[in-house]
Amino acid sequence: MEKSAAVTFHHRSRLLKRCAWLFACVLSVLPVSADVSQSYISSLEFSAAESYFFTDQECLFTLDIRDVEPEDVQVFFDVSTDNVQFVSSRKSDLIINQNGMERIAGTSVQLKVQFSKPGTYTIPSVYVRISRREYRIPFARVTVYQNPQFISPELSVLFSNPKYNARSNSLTVVAGDAVDFTVYVKYALQIVGYSWTLPENALFEELKRYDIKASSPRGTEFSPDAVPVATFRWRPLTEGEGQFPNIQLRATAYNGSMLDITIPRYSVTVVPAAEQKPQVSLPPSESVFAYAFASPPVETAAPVSVGLRGEAYQALYSLRCAERWRFPLASITRARRAMEVSAGLSSDSFEPSVPLFIVFCAVTVLFLVAAVVMFVIRKIPLGAMFIMLMVCSAIPAGIEAAYVFSPSAQFRGGALCSIPEENGTSGVEIPGGTRVKVKQSAGGWVYVQTAELKGWVREDDIDYIR
């Protein structure tokens, strides 16, 4: 009996060992991603890697999968979609920065596709094999724009009165009523300037010129948004069929070409007012329409403002040079601003201060010396404190240095040229006394920048502020 019990126990032990071995084999063939939850898989999607997608250009989608090695990931891009072409795919380690240390956290999948037409796309999901299991991973919905290299700038008009903002380009206006509207530009890399041609028997004025930051060169950055240029008020005075003011704008397209564009054409019908109003009658020789609102040829157009000339110009130049060697908010700064305002010039916030830069540098050096001394005599906390103070003074010193050593000048006034040649005038005049930043020089010409414009002027027409 004892022998039979021992044999039975031995058989049971062998059976348990075989079951344990079989269980281990089953675990070894199970997918490694068994610990990847379905909720995590559901959160995955191919997202757009760039802010904007364009036609006829490779567009990148990315998919980040954590805690999975690249060899355990495979993509099956077998989806056929109109106007979408699969270009390539690749896998790489997913690198994340944690506490200043980079580590591998999983797999990053990059898919490149190309769109042939603009529009909004939702690419069908594709199969992705993650550790021997296949999942359908969707794509983020994206908007594809026409390639900027083939887009021409556009002008549009938005009226203050909503009744004029119809899709039709026909306007019915009451004689004598003011029509306020704003001109917008779209798909322009740079705005050089604008002008207008006015119909007869109407009043026209510019109400507001926007500080067009978007008109400064923006590199290759693309924006589909319309940018406001200026707001105008137009007031037709006589009844009958009329014309809307024709506004032209010169802009640089994304492909670098400079184009002249105009606002959409409007057919205008001017109807009589409900109550008769006195007719505005001026002698032809004194008519405001004969000269105040005429648009003369660019070759003979006079500048809007000549700015400062002669002794006034030299006085402003002397104030700017002297201000550089004073501390900020000195009395000379107030005098310079008052002179600019009286001349109708843009008043700069400040001139870079050389004494302030020297003070920041001196304080930085003193803190550095004090920190070294503290470390030498083994007073580590005080040394660390002086290091922090040195950094706090070095930052404004660096900022002030960028202003001090950036070349700036005062322009004597004249035309701004789009290229460094005499016949390259852009038709834009800059008044004398305007402060400009000098970007580069070439063959007696310098490329300057004001608050809103950039262009070439003769180097003899500027005086460097020193």
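The paragraphs below set out a description of the structure included in this document. For clarity, every value in this text was computed on a predicted model and none was experimentally measured. (Residues numbered from 1 in each chain as written. Predicted model: local features only at pLDDT ≥ 70, side-chain atom pairs only at ≥ 80, totals over all residues. Heavy atoms only, no water.)

1. A word on the sheet that holds strand S2 (residues 53–54)
In space, the 3 strands of this open sheet follow the order S2-S10-S7, with mixed pairing throughout. Edge positions in the sheet fall to S2 and strand S7 (119–121), since each of these pairs with one other strand and no more. Here S7 runs beside strand S10 (residues 142–145); their pairing, made up of 3 bridges, is antiparallel. From the neighbouring strand, Gly 119 faces S10, where its bridge partner is Val 144. (Pairing = 2+ DSSP bridges. Helix = DSSP H or I, 4+ residues; strand = E, 2+ residues; numbered from the N terminus.)

2. Looking at helix H5 (residues 331–342)
Between its first and last C-alpha atoms H5 spans 17 Å; for 12 residues at 1.5 Å apiece the expected length is 16 Å, and the two agree. If you check which residues of H5 are buried, you get Ile 332, Thr 333, Arg 336, Met 339 and Glu 340. Angularly, the buried residues of H5 cover 130° about the axis, an arc narrow enough to put them on a single face. For H5, exposure combined with an orientation more than 90 degrees from the buried face picks out Ser 331, Arg 334, Val 341 and Ser 342. Just beyond H5, the residue with positive phi is Gly 344, at close to 75°. (Expected span 1.5 Å × (residues − 1). Buried < 20%, exposed > 50% of the residue type's maximum accessible area, 1.4 Å probe, protein only. Arc of directions from axis to C-beta.)

3. Considering the packing of aromatic side chains
Remark: the centre distance and the inter-plane angle together describe each pair of aromatic rings, the angle taken between the planes. The full count for this structure, using the stated rule, is 18 aromatic pairs. Measuring from ring centre to ring centre gives 5.2 Å for Phe 53 and Phe 61, while their planes differ by 75°; the resulting arrangement is edge-to-face. In this structure Phe 61 comes out as buried when scored by relative accessible area, which is 0%. Between the aromatic rings of Phe 181 and Phe 244, the centroid separation amounts to 4.9 Å while the plane-to-plane angle is 50°, which identifies the pairing as tilted. Residue Phe 181 is located in strand S13 (residues 179–186), and its partner Phe 244 is located in the loop between strand S17 (240–243) and strand S18 (246–252); the two are separated by 63 residues in the primary sequence. Looking at Phe 181, the relative accessible area reads 0%, which means it is buried. (Phe/Tyr/Trp six-rings, centres within 6.5 Å; stacked < 30°, edge-to-face > 60°.)

4. A few points about the pattern of salt bridges
Counted by the stated rule, this structure contains 10 salt bridges. Residue Asp 180 is joined to Arg 233 by a salt bridge in which the shortest nitrogen-to-oxygen separation is 2.7 Å. Of this pair, Asp 180 sits in strand S13 while Arg 233 sits in strand S16 (residues 227–236), and the two are 53 residues apart along the sequence. Of the residues examined, Asp 180 reaches a relative accessible area of 19% and is grouped as buried. (Salt bridge = Lys/Arg side-chain N within 4 Å of Asp/Glu carboxyl O.)

5. Brief notes about the sheet that holds S16
Read across the sheet, 4 strands follow the order S11-S13-S16-S15 without closing on themselves; strand pairing throughout is antiparallel. The open sheet terminates on both sides in strands that have one partner only, identified here as strand S11 (154–159) and strand S15 (202–209). Each neighbouring strand pair of the sheet contributes to a mean axis angle of 25°, computed without reference to strand direction. Pairing of S15 with S16 involves 7 bridges; the strand directions are antiparallel. When the bridges of S16 are listed, Glu 205 appears paired with Arg 233. (Axes fitted to C-alpha atoms, helices over the stretch in contact; angles between N-to-C directions.)

6. Some thoughts on the nonpolar core
A general tendency of soluble globular proteins is for nonpolar side chains to be buried together. Of all hydrophobic cores here, the largest spans 30 residues; its most connected members are Phe 159, Leu 171, Phe 181, Val 185, Trp 234, Phe 244 and Leu 249. Of all the secondary-structure elements, those providing two or more residues to this core are S11, strand S12 (170–174), S13, S15, S16, S18 and strand S20 (267–271). Looking at which element gives the most residues to this core, the answer is S16, with 5 residues. Core analysis: the next-biggest nonpolar cluster, separate from the first, contains 26 residues, Ile 41, Phe 46, Ile 137 and Val 142 among them. (Core = buried A, V, L, I, M, F, W, Y, C linked by side-chain atoms within 4.5 Å.)

7. Remarks on the side chain of Glu 400
With respect to the helices and strands, Glu 400 occurs in helix H7 (residues 380–404). For Glu 400, which is buried and forms no salt bridge, the nearest opposite charge comes from Arg 324, at a distance of 8.6 Å. When near neighbours in sequence (up to four residues on either side) are disregarded, Glu 400 contacts Pro 352, Ser 353, Leu 356 and Phe 357. (Lys, Arg positive; Asp, Glu negative; His and termini not counted. Contact = heavy atoms within 4.5 Å.)

8. Quick word on unusual backbone geometry
One non-glycine residue with positive phi stands out, namely Asp 56, at about 55°. Along the chain, Asp 56 turns up in the loop between S2 and strand S3 (58–66). Note on Asp 56: relative accessible area 46%, which makes it partly exposed. With a phi angle near 60°, Asp 67 is a residue other than glycine that sits in the positive phi range. Tracing the sequence through the fold places Asp 67 in the loop between S3 and strand S4 (73–76). On the accessibility criterion, Asp 67 (72% relative accessible area) is exposed.

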